Amino acid sequence: MTDTPTPKPGKVLVPAEDLRTFAAALLEKGGLGPEHARTTADVFVWAAQRGVDSHGTARVPAYLELLAKGVANADPDITVESSAPGTAVLDADRAPGPVALSAAADEAVRRARSTGIASVGVRRTVHTGAIGYYVSRIAEQGLVGIGFVAGMPNMGYTGVKGPAVATSPLAIAVPANEHAPLVLDMATATIALGKIRQAKASGTPLPEGAAATEDGTPTTDPDKAVMPLPLGGAKGSGMSIAFELLTSVLVGAPIFAAFHSDDPQGRKHRQNALLIAIDPAAFGDPEAFTAAVDATLSTLKALPPADGAEGVFYPGERSAKVAEGRGAKGVPVAPKVWRELTEAAGRFGITPPEPTPAA
């Protein structure tokens with residue numbers, strides 16, 4: 001007699017607001033204050049709704065661990081220093097990235113309303129999360145948002161042996177009226193570390209030129225890959241080191257030089273960021289600007305699609321559509337993530353929301 005194999009559990013669907021409340025409750029039990037817990041949960045669920053699951057609620061267990069180990073500061077003393085109306089530096093005191101960068105985005109908007117353009121550097125935060133959220137937060141208020149992040153070196157650099165620079169991301173959000181905002185959110189790496197881990201788990205070969213072994217040799221074998229390679233070779237490399245200068249060095253908290261020094265503190269996990277807000281009203285009629293943005297995006301979408309293409313899309317368009325669908329039907333949560341979340345809920349005495357099986 002052959003035993004019937006037990007089917008593997010599939011993804012579950014959880015309403016976005018229930019997932020947000022659940023994540024916030026877990027983070028609050030993990031040590032964050034109610035407001036900071038809610039802010040952090042907002043960032044995770046925003047990413048999950050848009051289909052960026054690697055930066056979604058899968059991050060909650062990791063953040064609980066960061067808080068438990070003291071890597072992230074549950075009760076940070078966040079300060080803002082400024083020597084000019086259009087600039088400021090927010091010292092995060094190791095606050096979780098969603099807390100620090102949300103505050104920085106709001107500070108940049110407030111200053112840009114008076115100065116036309118404002119930049120806020122963020123010093124000493126811990127894992128910024130999906131930076132598309134913060135520039136989108138700026139765009140929601142009618143301003144253009146631009147963001148850069150620098151972190152711990154974990155990516156190759158053209159011509160260097162081994163990990164040299166960070167997979168530093170860039171994000172830009174531009175408001176529109178008829179269309180969803182343009183949201184460009186990209187790393188300087190060809191492939192995300194999470195994608196390498198997923199390929200290793202599934203045994204799927206990696207794309208050519210996407211990842212490398214510890215000594216920098218390109219490989220398609222996920223079991224041998226330990227780091228991503230820069231996007232476009234020297235182009236991605238150059239962007240990463242430039243973002244280190246625009247963030248870490250600019251706010252007086254260098255990461256790259258310390259990481260590659262003999263100082264043991266140089267390997268201590270941390271990230272820095274720079275957020276810029278641009279008020280279209282400082283350049284002319286803001287309504288004319290958003291109308292021209294709509295016209296530009298409409299023109300792009302009306303161009304003839306290439307053979308085999310599903311259509312012509314601008315950055316962030318498909319993610320916005322995914323968010324709309326997941327907002328209506330629920331946010332999919334992977335079995336492993338749901339198990340980790342419910343196990344944490346059990347430890348904290350929290351009742352999880354009732355999920356439904358995903359189709």
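Structure report, in brief. Source: prediction; values computed, not measured.

Conventions we followed
- Residues numbered from 1 in each chain as written.
- Predicted model: local features only at pLDDT ≥ 70, side-chain atom pairs only at ≥ 80, totals over all residues.
- Heavy atoms only, no water.
- Salt bridge = Lys/Arg side-chain N within 4 Å of Asp/Glu carboxyl O.
- Helix = DSSP H or I, 4+ residues; strand = E, 2+ residues; numbered from the N terminus.
- Buried < 20%, exposed > 50% of the residue type's maximum accessible area, 1.4 Å probe, protein only.
- Pairing = 2+ DSSP bridges.
- Contact = heavy atoms within 4.5 Å.
- Axes fitted to C-alpha atoms, helices over the stretch in contact; angles between N-to-C directions.
- Parallel < 35°, antiparallel > 145°, perpendicular 65-115°, else oblique.
- Expected span 1.5 Å × (residues − 1).

1. Here's the deal with the pattern of salt bridges
Under the counting rule described, the total for this entry stands at 15 salt bridges. Salt-bridge contacts for glutamate 81 lead to arginine 123; the nearest nitrogen and oxygen are separated by 2.9 Å. Here the residue glutamate 81 occupies a position in strand E2 (residues 79–84), and arginine 123 occupies one in strand E4 (residues 117–125), the gap between them amounting to 42 residues. For glutamate 81, a relative accessible area of 40% gives the class partly exposed.

2. A few points about the sheet that holds strand E8 (residues 211–212)
The three strands lie next to each other as E9-E8-E10, forming an open sheet whose pairing is antiparallel. The open sheet has two edge strands with one neighbour each: strand E9 (218–219) and strand E10 (227–228). When E8 meets E10, the two strands line up antiparallel, connected through two bridges. Paired with alanine 211 across the bridge in E10 is proline 228.

3. Considering the sheet that holds strand E13 (residues 356–357)
With antiparallel pairing, three strands are arranged side by side in an open sheet as E12-E1-E13. The sheet terminates laterally at strand E12 (331–333) and E13, the two strands that pair on one side only. Taken together, the two bridges between strand E1 (residues 12–14) and E13 define a ladder with antiparallel strand orientation. By the bridge assignment, leucine 13 is partnered in E13 with threonine 356. On the sheet, helix H11 (residues 335–348) packs against E1 and E12 and is oriented at approximately 85° with respect to E12.

4. A short note on the packing of helix H2 (residues 34–49) against helix H4 (residues 97–115)
Running from N to C, H2 and H4 point in directions that differ by 90°, and their axes come no closer than 8 Å. Regarding the angle of H2 to H4, the classification is roughly perpendicular. Only Pro98, Val99 and Ser102 of H4 make contact with H2, whose side of the interface consists of His36, Thr39, Thr40 and Val43.

5. Points about the pairing of E2
Pairing between E2 and strand E3 (residues 87–91): four bridges, direction antiparallel. Opposite glutamate 81, over in E3, you have valine 89 as the bridge partner. Counting the residues in the hairpin turn of E2 and E3 gives two residues.

6. A few points about helix H1 (residues 16–29)
Over its 14 residues, H1 runs 20 Å from end to end, which matches the ideal 20 Å to within 8%, given 1.5 Å per residue. Against E1, H2, helix H3 (59–68), E12 and H11 lie the buried residues of H1.

7. Some remarks on the environment of tyrosine 63
One can find tyrosine 63 in helix H3. On the basis of relative accessible area, tyrosine 63 is assigned to the buried category, the value being 2%. Between the C-alpha atom of tyrosine 63 and that of glycine 325, which follows or precedes it by 262 residues, the distance is 27 Å. If sequence neighbours within four positions are ignored, tyrosine 63 has contacts with Leu27, Thr40, Phe44, Pro96, Gly97, Pro98, Val126, His127 and Gly129.

Nothing here speaks to function; it is geometry throughout.
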